[in-house]
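If you want the building blocks of each chain, they are given just below.
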Amino acid sequence: MSTLPVPDAETLKDSGPITAEGLLRRRARQKADAITLIDPPNRRTLGHSAARQLTYGETDEAVDALAAFFAALGLQPGDRVVMQLPNFIEAPLALLGAWRAGLTVAAIPMLWRATEIARVCDALEPKALIGCSRFAEDAPAEMLRDVAATRLSVRFVLGFGDGLPDGVGSLDDAIGAGHAGDFTPRLPTGPSLITFTARAGHPLVPLFRYEDEILAQGAMAVLSLSLDRSDVILNAYPFTGTVGLGLGLAPWLIGGAKLVQHHPFEYGVFVRQLVESGATVTAMPSAILAELGANRVLKDPRCKLRRVGRVWSPAELADLTAPLNHMAAENLSLPVFDLYPLGDLASLLLRPAPIADRAALPLGPVHLGEDGGGPVFAETKLAEESGALLLRGPVVPQGRSNGPVARDDNGFVATGLRGQAEGVARLRVKRDAELIHHGGFTIAASELDGLYQAFPGFLDAACFVLPDPIVGDRIFGAVAPSPNAPVSLEALHRFLMERGVAPYKFPDKLLVVRDIPRDAKGNIIRAEILAQV
């Protein structure tokens, strides 16, 4: 693994390559009694035990115990395990335990259901599935067990929490049993992490991430925001995406800060954590940031934030009429940095720019240093003919060599977005009508078309979207019903639920149309659907 520019001499004094589990081990030696992981305060209301906090020493011991347990099960370096965990302290423990055992973790969102999980199992053939007993009204471990029963590759289903169903092994018991002596870390034989995105016509696209790419994303945050061990990171994003990895997990390990977890997003809980945890850095969608400003939360003398990030959605970047002045200086009273998650590949983290320039991205190398100096962590490029927005650099993963996010001959990967040059050094993002960006998820529109068309009461159907300041794209369904067939949004929702489809793919409303507009090749013309709204 490559050496990263980590600005902490004490961390770097040990020889050897920098790894995520190695950073944790070093921190545990340096300050074993320092608190480092903190649960969300609403953990118990979500079906788990009371909120906890762990020191570096306790975290390292738990990671050692999990790594030893995985090895004792017979899991080998390079084996793949699927992990579906909320933003509790178990998520970093399980991830680092798997990495210490040399495993590859496929991290999947909590909102995924049996349909999506089965698709992952078919694509990756994991040896184990990891979940939790309860989360709100759901029983994730039971769902994982049921999926595993029909997938021959899955040998183990493991979980955290009380009341695990029969056939699911307890990882809490594995941690409680401890491990005699230090577990010897095993080197991975492949990528460390697999996350997922979508591209037009491809509903499930795996992204293979190596540890140096993940840590480089964290180094971008540490260097750009000058983070160190005195910082407290309030992380409201899961480790299934670039913001949770790049502004949560990786900078926590590199900078030696505290990591405060938050999940799912609840405004009142988030404000409480901002005040009570002493958080010094966090990031959120622009609408939430605007609300915090309007409520003067960030000017509360108990609020210790010194950096706050605005996470831009593709819809905001593409909508040049979107108001940008809602982040008024009189409400925010501290610098706002910008995070641009590009195609689920990587998040560009940029220092505050003039308000008129914030919806434009750099065209070319992205430097962290002042006046164009410092390391290059990413580089943007526009494809000459298609205008596709491409990305390369040490923070950028790739997909399969024959897939839609494969690296080209120059190392660039397609983001799924398009762009238009604005001068020689800036670009404006343009949307791909066949991709939907909803609540942090990228969805292939063709997948939703197929799901809605399968409903027995529809002759034809298609999805379309309208912008929303909170979720990005609001999803709607245009349907051509069978003659005399009733049109019921609730019936469609029940149909999708029975098929085990993630709820964020359900349409908010249905629009009845005579037919779905298509071109000569049979492709849906979504702009003509919108013209009927």
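Note that the structure is predicted; figures quoted are calculated from it, not measured.

(A) Representation of the pairing of strand β24 (residues 458-468). In terms of strand pairing, β24 meets strand β25 (residues 472-481) through ten bridges, oriented antiparallel. Considered in β25, the bridge of Ala461 is made with Val479. The antiparallel pairing of β24 with β25 creates a hairpin that spans three residues between the two strands.

(B) The arrangement of the sheet that holds strand β1 (residues 35-38) in detail. Taken in spatial order, the eight strands line up as β2-β1-β11-β10-β12-β13-β14-β15 in an open sheet, and their pairing is mixed. The open sheet is flanked by β2 (53-55) and β15 (346-350), the only strands paired with a single partner. Taking each pair of neighbouring strands and ignoring which way they run, the sheet shows an average axis angle of 25°. Of the pairings in the sheet, the one linking strand β14 (residues 336-342) to β15 comprises five bridges and is antiparallel in character. Bridge pairing in β15 links Leu342 to Ala346. Packing against the sheet, helix α3 (residues 56-72) makes contact with β1 and β2, and its axis sits at approximately 90° to β2.

(C) Representation of the environment of Thr197 in the model. By the secondary structure assignment, Thr197 is in strand β8 (residues 193-199). Distance in space between the C-alpha atoms of Thr197 and Thr240 is 9.8 Å, their sequence separation being 43 residues. In this structure Thr197 touches Pro203, Leu204, Val205, Leu207, Gly343, Asp344 and Thr442, once residues within four positions along its chain are discounted. There is a polar contact of 2.5 Å between the side chain of Thr197 and the side chain of Asp344.

(D) Broad picture of the pairing of β14. Buried residues dominate β14, accounting for seven of its seven residues. What you see with β14 is no split at all: Val336, Asp338, Tyr340 and Leu342 on one side and Phe337, Leu339 and Pro341 on the other are buried throughout. Here strand β13 (residues 307-311) pairs with β14 via four bridges, running parallel. Looking across to β14, one finds that Gly309 is bridged to Phe337. With antiparallel pairing between neighbouring strands as the criterion, β14 and β15 make up a hairpin whose turn holds three residues, including Gly343 at a positive phi of roughly 60°.

(E) Highlighting the packing of aromatic side chains. Across all of its chains, the model carries nine aromatic pairs by this definition. Both rings, one in Phe88 and one in Phe135, keep their centres 6.1 Å apart while their planes meet at 55°; by these two values the pair is tilted. Taken together, the residues Phe88 in the loop between β3 (80-83) and α4 (90-100) and Phe135 in the loop between β5 (128-132) and α6 (140-148) connect sequence positions 47 residues apart. Residue Phe135 is classed as buried on the basis of its relative accessible area, which comes to 9%. Between Phe455 and Phe458, the aromatic rings sit 4.7 Å apart at their centres with planes inclined by 50°, giving tilted as the arrangement. With relative accessibility at 6%, the residue Phe458 sits in the buried group. Among the aromatic residues, those joined into a cluster by ring pairs are Phe455, Phe458 and Phe495. For the cation-ring pair, Arg310 lies above Trp312, with the distance from its terminal atom to the ring centre recorded as 3.7 Å.

(F) Representation of helix α8 (residues 211-225) in the model. Along its 15 residues, α8 runs 21 Å from first to last C-alpha, staying within 8% of the 21 Å computed at 1.5 Å per residue. Here α8 lies mainly inside the structure; 13 of its 15 residues are buried. Backbone geometry just after α8 places Ser226 at a positive phi near 55°.

(G) How the structure looks around the pattern of salt bridges. Using the criterion set out here, one finds 27 salt bridges in the structure. Residues Asp231 and Arg306 are paired through a salt bridge, measuring 2.8 Å at the closest nitrogen-oxygen approach. Placement of the pair is Asp231 in the loop between α8 and β10 (232-235) and Arg306 in the loop between α11 (286-294) and β13, with a sequence separation of 75 residues. Overall, Asp231 belongs to the buried group, its relative accessible area being 1%. A relative accessible area of 29% places Arg306 in the partly exposed class. Close ionic contact of Asp473 with Arg431 constitutes a salt bridge, the shortest N to O distance being 2.8 Å. Here Asp473, found in strand β25, pairs with Arg431, found in the loop between β21 (426-430) and β22 (435-438); they are 42 residues apart in sequence, far enough to count as distant. What you see here is one network of salt bridges that share partners, running through Glu21, Arg25, Asp60, Asp64 and Arg100.

(H) Highlighting the nonpolar core. Grouped together as the largest cluster of nonpolar side chains are 117 residues, with contacts concentrated most on Phe70, Trp99, Ile130, Trp252 and Leu274. Discounting residues that sit within four places of it in the chain, Trp252 has contacts with Thr36, Leu37, Tyr56, Pro92, Leu96, Ile233, Ala257, Lys258 and Leu259. Judged by nonpolar contacts, the second largest core, of 43 residues, contains Leu124, Ala141, Leu144 and Phe208.

How each quantity is defined
- Residues numbered from 1 in each chain as written.
- Predicted model: local features only at pLDDT ≥ 70, side-chain atom pairs only at ≥ 80, totals over all residues.
- Heavy atoms only, no water.
- Pairing = 2+ DSSP bridges.
- Helix = DSSP H or I, 4+ residues; strand = E, 2+ residues; numbered from the N terminus.
- Axes fitted to C-alpha atoms, helices over the stretch in contact; angles between N-to-C directions.
- Contact = heavy atoms within 4.5 Å.
- Polar contact = N/O pair within 3.5 Å; in protein donor to acceptor, adjacent residues only side chain to side chain.
- Buried < 20%, exposed > 50% of the residue type's maximum accessible area, 1.4 Å probe, protein only.
- Phe/Tyr/Trp six-rings, centres within 6.5 Å; stacked < 30°, edge-to-face > 60°.
- Lys NZ or Arg CZ within 6 Å of the ring centre and 35° of its normal.
- Expected span 1.5 Å × (residues − 1).
- Salt bridge = Lys/Arg side-chain N within 4 Å of Asp/Glu carboxyl O.
- Core = buried A, V, L, I, M, F, W, Y, C linked by side-chain atoms within 4.5 Å.

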